[in-house]
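An overview of the molecular structure
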Amino acid sequence: NAGVTQTPKFQVLKTGQSMTLQCAQDMNHNSMYWYRQDPGMGLRLIYYSASEGTTDKGEVPNGYNVSRLNKREFSLRLESAAPSQTSVYFCASSVETGSGELFFGEGSRLTVL
Amino acid sequence: GENVEQHPSTLSVQEGDSAVIKCTYSDSASNYFPWYKQELGKRPQLIIDIRSNVGEKKDQRIAVTLNKTAKHFSLHITETQPEDSAVYFCASTPGTASKLTFGTGTRLQVTL
């Protein structure tokens, strides 16, 4: 049982480049999330998907787009990367939004030069 | 939206002592309060949670208390061990269909 799998684990980008972070869960969860983690800032929600076919903005959505491809997969895209987007990104899933445990992926460390 | 404040940001205790981390929340409708532990370089993992119909919950050396009137909740770790060294995050949510809001984290260091 893999849980939540996200790729890539590490990525270095130049300012202005684009990239997509991939996330998949095999727990049949309805809700999926993308967080970013910066020193002293905790975990801040970028976007979430309460169920297949829906997506909503979190606290810090600017500069990002998401796609809930199907129930298993939720991707995060940076169209034009900026140094301020240097962070560790975590994908997570839960049975439903707002109740119960969040299961996190291992994280993706992104550096934008 | 919900605002969660967490204190202290860093906490150092000697092995065997107790550690207490406190959080306050702003939305009086919040009814679910989990705590996550993140070891260095690892993913956050749930260690304990409490719902608003309960004032206290214990699981071995960890406990969480909730005061809905004051809108604060706390994590208590007794008989701390070196493996308790990690960053701890509190969180809260008004419930189903509402997203979780995290505190900024507490780095706990347990010294020998």
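Residues numbered from 1 in each chain as written. Chains lettered and ligands numbered in written order. Predicted model: local features only at pLDDT ≥ 70, side-chain atom pairs only at ≥ 80, totals over all residues. Heavy atoms only, no water.

**A closer look at the state of the cysteines**
Residues and elements named next belong to chain B. Evaluation of the coordinates by the stated rule reveals two disulfides over all chains. The disulfide that involves Cys23 links it to Cys90, with 1.9 Å between the sulfurs. Here the S-S torsion is close to -100°, and the disulfide linking Cys23 with Cys90 is therefore left-handed. Of the two residues, Cys23 is situated in strand S3 (residues 19–25) and Cys90 in strand S9 (residues 86–92); the sequence distance between them amounts to 67 residues. Each member of the pair, Cys23 together with Cys90, is buried. (Disulfide = S-S within 2.5 Å. Helix = DSSP H or I, 4+ residues; strand = E, 2+ residues; numbered from the N terminus. Buried < 20%, exposed > 50% of the residue type's maximum accessible area, 1.4 Å probe, protein only.)

**Looking at the nonpolar core**
The biggest cluster of nonpolar side chains holds 22 residues, and the ones touching the most others in it are Trp35, Phe73, Leu75, Ile77, Tyr88 and Leu108 of chain B. It is S3 of chain B that provides the largest number of residues to this core, a total of four residues. Discounting chain neighbours no more than four positions away, the residues touching Tyr88 of chain B are Gln6, Ile21, Tyr36, Lys37, Ile47, Leu75, Ile77, Gly105, Thr106 and Leu108 of chain B. One finds Trp34, Ile46, Phe74 and Cys91 of chain A within the second-largest nonpolar core, a separate group that totals 19 residues. (Core = buried A, V, L, I, M, F, W, Y, C linked by side-chain atoms within 4.5 Å. Contact = heavy atoms within 4.5 Å.)

These values are about where atoms sit, not about what they do.
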